[in-house]
Amino acid sequence: MDCQTRSKVGKKTAPANSWVAVPARYVGWPNRVKGMHPIVKLLSQRIALGLLLILATSALIFAGTQILPGDVAQSILGQSATPEALANLREELGLNEPALTRYFDWLLGALHGDLGTALTNGKDIASSMTGRLGNTLFLAFWAAIIAVPLALVLGLVAARYAGRWPDKLISGVTLATISLPEFVVGYIVMYIFAVNYRLFPSTSVIYDSMTLWEKLNAIALPVIVLVLVVLAHMMRMTRAAILNVMQSPYVETAELKGLRPATIISRHAFPNAIAPVVNVVMLNLAYLVVGVVVVEVVFVYPGIGQYLVDHVSKRDVPVVQACGLVFAAVYIGLNILADVISILTNPRLRHPK
């Protein structure tokens, strides 16, 4: 057998586990890819599901506005409009096109930043919503600045004194505030701080020319209402997450070492309970942006919620569709962000075995 034949036979009969020289830069590469795989996979799934949910929500918003009773052209021109005028307006608004065609035209326009034109005043909806959305985010920002740290502190205190009077007092007060509807809390706060003591104005009207202190003074009452509404949920979730972690073996070990309860909670329990706390915080932040409609109407605040209510009464369908799409995108986007933060803060996913 010549050398060439022996070489071929050697290739066929070589054992599967024979040693093969691998460049140094590839050593450990499969392990690194495997270590990052769970996070990448979960993040991709969460983001893809969020985008699909936004798409499904946009379809529901469009369908919901289309099945409303009545005629949009008739509501704009009034009962005395002639059939020719109604037909011309329907043609101008594109109401004669199939519903599926109108949906995709609206969705593609929204993806490019074109939310349409308001039927009542002919103004561009995106331009009109920009300032209103900024006002809503301004209100939600200051409510979150107060509510989130206060909820975490109260949750830590309630967990530290679980079953004792501080825990019962905090839980009772927060549950009482969350049990009342927003408009009831708003009128109670307005009666106490605006009518009786005259500390803050009863209506929260802000302008671009106002200073920061004047704006904060104007939004004080709606901020108080929003803080009272979202505080209980975040506080109780923080308390429950910490008490759940307190049953872990490593916490019991820390207790056997003689560490103080406050040290155990701050250094061991709270860092490991951060994932569910982040989830509930992000959900309540989403509520602060999306659920402010009632609060804005009570205090006549010039936000996107008041903008939506004003145009609902006028049957301005494009404005209702645009506001609904923005609310859905903000809520779903913050939920996606909560999922991403929870995944990244999970040590089992960051350090897989």
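Residues numbered from 1 in each chain as written. Predicted model: local features only at pLDDT ≥ 70, side-chain atom pairs only at ≥ 80, totals over all residues. Heavy atoms only, no water.

Asks: Summarise the packing of helix H6 (residues 125-160) against helix H15 (residues 304-312); cite the residues concerned and give the values.
Replies: With their axes 7 Å apart at the nearest point, H6 and H15 run at an angle of 135° to one another. Considering their axes alone, H6 and H15 lie oblique with respect to each other. Residues Ile-125, Ser-128, Met-129, Arg-132, Leu-133 and Thr-136 of H6 form the contact with H15, whose own contacting residues are Ile-304, Gly-305, Gln-306 and Tyr-307. For the contact of H6 with H15, the per-class residue count stands at 5 nonpolar, 4 polar and 1 charged. (Axes fitted to C-alpha atoms, helices over the stretch in contact; angles between N-to-C directions. Helix = DSSP H or I, 4+ residues; strand = E, 2+ residues; numbered from the N terminus. Parallel < 35°, antiparallel > 145°, perpendicular 65-115°, else oblique. Contact = heavy atoms within 4.5 Å. Nonpolar A, V, L, I, M, F, W, Y, C, P; charged D, E, K, R; others polar.)

Asks: Can you lay out the packing of H6 against helix H16 (residues 317-344) for me, pointing to particular residues and giving the numbers?
Replies: Two elements in contact, H6 and H16, have axes separated by 11 Å at closest approach and are oriented at 50°. In terms of orientation, H6 and H16 fall into the oblique class. Of the two possible hands of crossing, H6 and H16 adopt the one that is right-handed. For the pair H6 and H16, contact is made by Ile-125, Met-129 and Leu-133 and by Pro-318, Val-319, Ala-322, Cys-323 and Val-326, respectively. Per-class residue counts for the contact of H6 with H16 are 8 nonpolar, no polar and no charged. (Left-handed = near helix turned anticlockwise from the far one by under 90°.)

Asks: How would you sum up helix H13 (residues 274-290)? Please name residues and give values.
Replies: The end-to-end C-alpha distance of H13 is 24 Å, a good match for the 24 Å that 17 residues give at a rise of 1.5 Å each. Those residues of H13 that sit buried are Val-277, Val-278, Val-280, Val-281, Met-282, Asn-284, Ala-286, Leu-288 and Val-289. (Expected span 1.5 Å × (residues − 1). Buried < 20%, exposed > 50% of the residue type's maximum accessible area, 1.4 Å probe, protein only.)

Asks: Summarise unusual backbone geometry; cite the residues concerned and give the values.
Replies: Positive phi, normally seen in glycine, also occurs at Arg-198, with a value near 55°. Structurally, Arg-198 is set in the loop between helix H8 (182-196) and helix H9 (212-218). Even without being glycine, Val-300 reaches a positive phi, approximately 50°. Of note, Val-300 is situated in the loop between helix H14 (293-298) and H15.

Asks: Please provide a residue-by-residue account of helix H12 (residues 261-272), values included.
Replies: With 12 residues, H12 extends 16 Å from end C-alpha to end C-alpha; this agrees with the ideal 16 Å at 1.5 Å per step. Those residues of H12 that fall on the buried side of the exposure criterion are Thr-263, Ile-264, Ile-265, Ala-269 and Phe-270. Residues of H12 that are buried in the fold lie against H6, helix H10 (220-245), helix H11 (249-256) and H13.

Asks: So what's going on with the pattern of salt bridges? Which residues, and what values?
Replies: For the structure shown, the criterion picks out 2 salt bridges. When the shortest N-O distance is used, the salt bridge between Arg-46 and Asp-339 registers 3.9 Å. Placement of Arg-46 in helix H2 (residues 29-66) and of Asp-339 in helix H16 is noted, with a sequence separation of 293 residues between them. Look at Arg-46 and you get partly exposed, because its relative accessible area is 29%. One salt bridge in this structure joins Asp-167 and Arg-239, with 2.8 Å as the shortest N-O distance. Taken together, the positions of Asp-167 in helix H7 (residues 165-179) and Arg-239 in helix H10 put the pair 72 residues apart, joining distant regions of the chain. Across the pair, Arg-239 and Asp-167 agree in class, each one buried. (Salt bridge = Lys/Arg side-chain N within 4 Å of Asp/Glu carboxyl O.)

Asks: Give me the nonpolar core: which residues, what numbers.
Replies: Across soluble globular proteins, nonpolar side chains show a tendency to be buried alongside one another. Ranked by size, the top nonpolar core spans 50 residues in total, and within it Val-225, Leu-226, Met-234, Ile-242, Met-246, Leu-288 and Phe-299 carry the most contacts. For this core, the secondary structure elements donating two or more residues are H6, H8, H10, H11, H12, H13 and H14. In terms of residue count, the dominant contributor to this core is H10 (13 residues). The next biggest cluster of nonpolar side chains, apart from the first, holds 19 residues, and it includes Phe-62, Ala-110, Ile-125 and Ala-126. (Core = buried A, V, L, I, M, F, W, Y, C linked by side-chain atoms within 4.5 Å.)

Asks: Pulling in residues and values, what's your account of the packing of aromatic side chains?
Replies: Tallying each qualifying case throughout the model produces 7 aromatic pairs. The interplanar angle of 75° and the centroid separation of 6.4 Å between the aromatic rings of Phe-138 and Trp-142 together place this pair among those described as edge-to-face. Of the two residues, Phe-138 and Trp-142 are both situated in helix H6; the distance of 4 residues between them amounts to about one turn of the helix. Site record: aromatic cluster; members linked through ring pairs are Phe-62, Tyr-103, Phe-104 and Trp-106. Stacked on the ring of Tyr-161, the Lys or Arg Arg-160 has its end atom at 4.8 Å from the ring centre. Across from the ring centre of Phe-138, 6.0 Å away, lies the NZ or CZ of Lys-215, which sits over that ring. (Phe/Tyr/Trp six-rings, centres within 6.5 Å; stacked < 30°, edge-to-face > 60°. Lys NZ or Arg CZ within 6 Å of the ring centre and 35° of its normal.)

Take it as geometry only, folks, not as evidence of what the structure does.
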